[in-house]
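Observations on chain architecture
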Amino acid sequence: MKINIIAVGKIKDKHLASLVSEYTKLISRFASVHIKELDEKDAERDDTIILKQLGGAFKQAGSVQSQVGLVVALVKEGQQFTSEAFADFIDKAGLKNSTITFLIGGSNGLPLSVLEKADLSLSFGQFTYPHKLFRVMLLEQLYRAFSIKHNHPYHK
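Residues numbered from 1 in each chain as written. Predicted model: local features only at pLDDT ≥ 70, side-chain atom pairs only at ≥ 80, totals over all residues. Heavy atoms only, no water.

Among the structural elements, Glu37 can be located in strand β2 (residues 32-38). In this structure the C-alpha to C-alpha distance between Glu37 and Ile6, which are 31 residues apart in sequence, comes to 6.1 Å. Within the local environment of Glu37, its side chain forms a polar contact with the backbone nitrogen of Ile11, the two atoms lying 3.3 Å apart. A distance of 2.7 Å separates the side chain of Glu37 from the side chain of Arg135, its partner in a polar contact. (Helix = DSSP H or I, 4+ residues; strand = E, 2+ residues; numbered from the N terminus. Polar contact = N/O pair within 3.5 Å; in protein donor to acceptor, adjacent residues only side chain to side chain.)

See below:
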């Protein structure tokens, strides 16, 4: 299985970067992870630029990974899962798609036209999270999901 994460902003904080690296390494036992970072300054200046960048990332992910696969937009208003239900979702999605692409917007979220391209809108709750920290949270939940499905003790 391939996991694409298309996210606004580059992680410059060494602690967050270390966590991203650590969870990516842990997940690599179960799936390959490709992270595409989009320019945050362009996104803050003009929403149409972020839409173009996301469109380009779709194309790039498609050419690099052979397909974008199932597209999951991470938004506050999306569907919520327990960790076990998310594990089931990832497991079932992996049976139908060799690739799952997660989209993480910047401080202004994701443009509506990008949300319309998503197969699922997913929420981690009603709280607002910093988008750079959220990348770590997503990776942790992906690792937890794979751990649940492979009966690894991490989840317990």
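Our next topic: helix α4 (residues 83-96). Helix length check: α4 (14 residues) gives 20 Å between terminal C-alpha atoms against 20 Å at 1.5 Å per residue, within 8%. The set of residues buried in α4 consists of Ser83, Phe86, Ala87, Phe89, Ile90 and Ala93. Along α4, the residues classed as buried sweep out an arc of 160 degrees about the axis, all on the same side. Across α4 from its buried face, at more than 90 degrees, point the exposed residues Lys92, Leu95 and Lys96. Each element contacted by the buried residues of α4 is listed here: β3 (70-80), β4 (99-104), β5 (120-123) and α6 (131-149). (Expected span 1.5 Å × (residues − 1). Buried < 20%, exposed > 50% of the residue type's maximum accessible area, 1.4 Å probe, protein only. Arc of directions from axis to C-beta. Contact = heavy atoms within 4.5 Å.)

Nothing here speaks to function; it is all geometry.
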